[in-house]
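Letter by letter, the chains look like this.
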Amino acid sequence: MGTNLSNSGSKTQLLNATADNINLAIEALKSGDVIGFPTETVYGLAGNALNDEAIAKIFLYKSRPSFDPLIVHVAETLQSCTALAEAEIIDLRTMTHDQISTCDQLIQIFWPGPLTLIFPKHERVSELVTSSLPTVALRAPAHLVAQKLLRQSGLPLAAPSANQFGRISPTKSQHVIEELGAQLKFCLEGGECQIGVESTIASVNFRGEVSVLRPGGLSLEILEKHLGKLFQGLHTELGLPSVAAKSPVAPGLLESHYAPRKLMLRIQTDWNETELKNLYRSLPKNLSQVTKVSILSSFPLPFETQHIIRNTFTQAEFFSLTAEGNDSLTAARNLFAQLRTLDQSDSELIVCELPKSQKDLWPAIRDRLTRASKKYWTP
Ligand code: AMP
Ligand code: MG
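Not measured: the values here are computed from a predicted model.

1. Digging into the overall build of the chain
Stage number 1. Looking only at helices and strands, the chain has 11 helices and 15 strands in total.
Stage number 2. Compactness check: the chain gives a C-alpha radius of gyration of 21 Å against a globular reference of 21 Å for 379 residues, within 12% of the reference.
Stage number 3. On the principal axes, the C-alpha backbone points of the chain span a range of 65 × 55 × 40 Å.
Stage number 4. The proportion of buried residues among the 379 residues of the chain is 58%.
Stage number 5. Of all intrachain contacts in the chain linking residues separated by at least 6 positions in sequence, the fraction that spans at least 24 positions is 67%.
Stage number 6. Surface exposure of the chain reaches about 16000 Å², of which carbon and sulfur atoms provide 52%.
Stage number 7. Charged side chains of the chain number 36 positive and 38 negative; the gap between the two group centres comes to 4 Å.

What follows is the structure, given as structure tokens:
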């Protein structure tokens, strides 16, 4: 039963995903508790989407504002709009034929996987999950442990990332313990997340056209390739219907998110002398003598660039998301763990660059780095 893999000082039990432990997790979920579990994107904090009490715990443990709705995870066996409606998770009545047809196509191709779709919600789904929106965001995760949990429990599971709101997302079980160890009873072990950034969120309009509201683990080109003319591109401004004046205008698009505790600044264009000097001059007084700086780039920086950076930050240390010749998949998988390591290191400041490529998972990485960093220091 409860194999306790690591429990130094926290009360969370890290459980291997044995059949017994999955049953234990399902019992906890059925009784309205919340648990940590692995998905292929990031580790989630799961609760029964039909149970208000469970959902209230998710918001409480994460200190997440109630206006930010949750994504609901479903079993991969629910492979069509009809199946989702029969499971009483979505309401087909207000969906058009074209909308259903595009959703079915996307579900069949991309589920299980890192694609979240927005549907009219069934009344059974807790209003707390959707922040009172008439729609619900759904995805079927591909991670085997998540799938077992969903299939065997038969429950739709609301699950945001298992971290404190606004902080760096967890891609290893140890991160979940670091973030929520004081509150959580269980976290199921699932190894390192294979994708490492959150899902791509898309909405399908009445004509069956698809807009991406948040870039994520499924690339824009792949969606475009399958959808052709129905693909409308990235439209983060469409986002959420406004539920409150302070509600985010688009999914996950609150300005500061995924952020280290330490100050993290980003360069605007390039690692050039002028930009670095401007950035240095913008630093607060307590950092103006800053010595140790972590420099985070997408690829290893050439020696000449390192030299330019050291003219401003004499003791810069260099880190990159991936090695030369590697792709955005590796960079995405490393991103949050790398940010966490830099946050815990003895450097006083992190300075990053934003990837420029519009291909593969680079837009998702750019989005997360933008939200994790500031242009200049501001009080
Ligand atoms: P995460 O915080 O990564 O779990 O992603 C949740 C994001 O999904 C939130 O930032 C929401 O804004 C977005 N989301 C959830 N439900 C909806 C919805 N009904 N319509 C649009 N976006 C949604
Ligand atoms: Mg999150």
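2. As for the packing of aromatic side chains
Stage number 1. Within this structure, the stated rule accounts for three aromatic pairs.
Stage number 2. Aromatic side chains Tyr280 and Phe313 sit 5.6 Å apart centroid to centroid with 65 degrees between the ring planes, which places their arrangement in the edge-to-face category. Of this pair, Tyr280 sits in helix 8 (residues 273–281) while Phe313 sits in the loop between helix 9 (303–312) and strand 14 (315–320), placing them 33 residues apart in sequence.
Stage number 3. Residue classification places Tyr280 among the partly exposed positions, given a relative accessible area of 28%.
Stage number 4. Under the relative-accessibility criterion, Phe313 is labelled buried at 1%.
Stage number 5. Considering the side-chain rings of Phe299 and Trp362, the 5.5 Å spacing of their centres and the 55 degrees angle between planes classify their relative orientation as tilted. With Phe299 in the loop between strand 13 (292–297) and helix 9 and Trp362 in helix 11 (residues 362–372), this pair connects stretches of sequence that are 63 residues apart.
Stage number 6. A residue is classified by how much of its surface remains accessible, and Phe299, at 27% relative accessible area, is partly exposed.

3. A word on empty space enclosed by the protein
Stage number 1. Throughout the structure, instances matching the rule amount to one cavity of 30 Å³ or more.
Stage number 2. Here the largest cavity is characterised by a volume of approximately 40 Å³.
Stage number 3. As for the largest cavity, its lining consists of Thr200, Pro215, Gly216, Leu218, Ser219, Leu220, Asp360, Leu361, Pro363 and Ala364.

4. Some remarks on the sheet that holds strand 12 (residues 264–266)
Where strands meet in a sheet, backbone hydrogen bonds hold them as pairs that are either parallel or antiparallel.
Stage number 1. Spatially, four strands are ordered 12-15-13-14 in an open sheet, and the strand pairing comes out parallel. Only two strands of the sheet have a single partner each, and these edge strands are strand 12 and strand 14. Averaged over neighbouring strand pairs, the angle between their axes works out to 25 degrees when direction is ignored.
Stage number 2. When strand 12 meets strand 15 (residues 349–352), the two strands line up parallel, connected through three bridges. From the neighbouring strand, Leu265 faces strand 15, where its bridge partner is Val351.

5. A word on helix 5 (residues 144–153)
Stage number 1. Taken residue by residue, helix 5 has Val145, Ala146, Gln147, Leu149, Leu150 and Ser153 as its buried positions.
Stage number 2. At its buried positions, helix 5 is contacted by helix 1 (19–30), strand 2 (35–37), strand 4 (71–73), strand 7 (157–158) and strand 8 (186–188).
Stage number 3. Just beyond helix 5, the residue with positive phi is Gly154, at close to 70 degrees.

6. Brief notes about helix 1
Stage number 1. For helix 1, with 12 residues, the first-to-last C-alpha span of 16 Å sits near the 16 Å given by 1.5 Å per residue.
Stage number 2. Taken residue by residue, helix 1 has Asn21, Ile22, Leu24, Ala25, Ile26, Ala28 and Leu29 as its buried positions.
Stage number 3. Close packing links the buried residues of helix 1 with strand 1 (13–15), strand 2, strand 3 (44–48), helix 5, strand 7 and strand 8.
Stage number 4. Gly32 lies just past helix 1 and shows a positive phi near 90 degrees.

7. Notes on the environment of Leu329
Stage number 1. Tracing the sequence through the fold places Leu329 in helix 10 (residues 328–344).
Stage number 2. Judged by relative accessible area, Leu329 falls into the partly exposed class, the value being 43%.
Stage number 3. Spatially, the C-alpha atom of Leu329 lies 26 Å from that of Leu149, the residues being 180 residues apart in sequence.

8. Digging into the nonpolar core
Stage number 1. Membership of the largest hydrophobic core comes to 50 residues, with the highest contact counts inside it found for Ile90, Trp111, Phe119 and Leu138.
Stage number 2. Other than its neighbours up to four places away in sequence, Ile90 contacts Cys81, Leu84, Ala85, Met95, Phe119, Pro120, Lys121, His122, Val136 and Leu138.
Stage number 3. Leu296, Leu321, Ile365 and Leu369 belong to the second-largest nonpolar core, a separate cluster that totals 23 residues.

9. Overview of the state of the cysteines
Stage number 1. All chains considered together, the criterion is met by zero disulfides.
Stage number 2. With no disulfide of its own, Cys103 has Cys81 as its nearest cysteine by sulfur position, at a separation of 4.6 Å.
Stage number 3. Its sulfur unpaired, Cys187 is 9.6 Å from the next cysteine sulfur, which belongs to Cys193.
Stage number 4. Cys187 gets classed as buried once you look at its relative accessible area, which sits at 0%.

Calculation rules
- Residues numbered from 1 in each chain as written.
- Chains lettered and ligands numbered in written order.
- Predicted model: local features only at pLDDT ≥ 70, side-chain atom pairs only at ≥ 80, totals over all residues.
- Heavy atoms only, no water.
- Helix = DSSP H or I, 4+ residues; strand = E, 2+ residues; numbered from the N terminus.
- Rg over C-alpha atoms; globule rule 2.2 N^0.38 Å.
- Buried < 20%, exposed > 50% of the residue type's maximum accessible area, 1.4 Å probe, protein only.
- Contact = heavy atoms within 4.5 Å.
- Areas by Shrake-Rupley, 256 points an atom, 1.4 Å probe, with all protein chains shown as cover.
- Lys, Arg positive; Asp, Glu negative; His and termini not counted.
- Charge placed at Lys NZ, Arg CZ, Asp CG, Glu CD.
- Phe/Tyr/Trp six-rings, centres within 6.5 Å; stacked < 30°, edge-to-face > 60°.
- 1 Å grid on protein atoms, 1.4 Å probe; cavity = no way out; pocket = protein on both sides within 12 Å on 5 of 7 lines; lining within 4 Å.
- Points joined across faces, edges and corners; volume = space filled by probe spheres on them.
- Pairing = 2+ DSSP bridges.
- Axes fitted to C-alpha atoms, helices over the stretch in contact; angles between N-to-C directions.
- Expected span 1.5 Å × (residues − 1).
- Core = buried A, V, L, I, M, F, W, Y, C linked by side-chain atoms within 4.5 Å.
- Disulfide = S-S within 2.5 Å.

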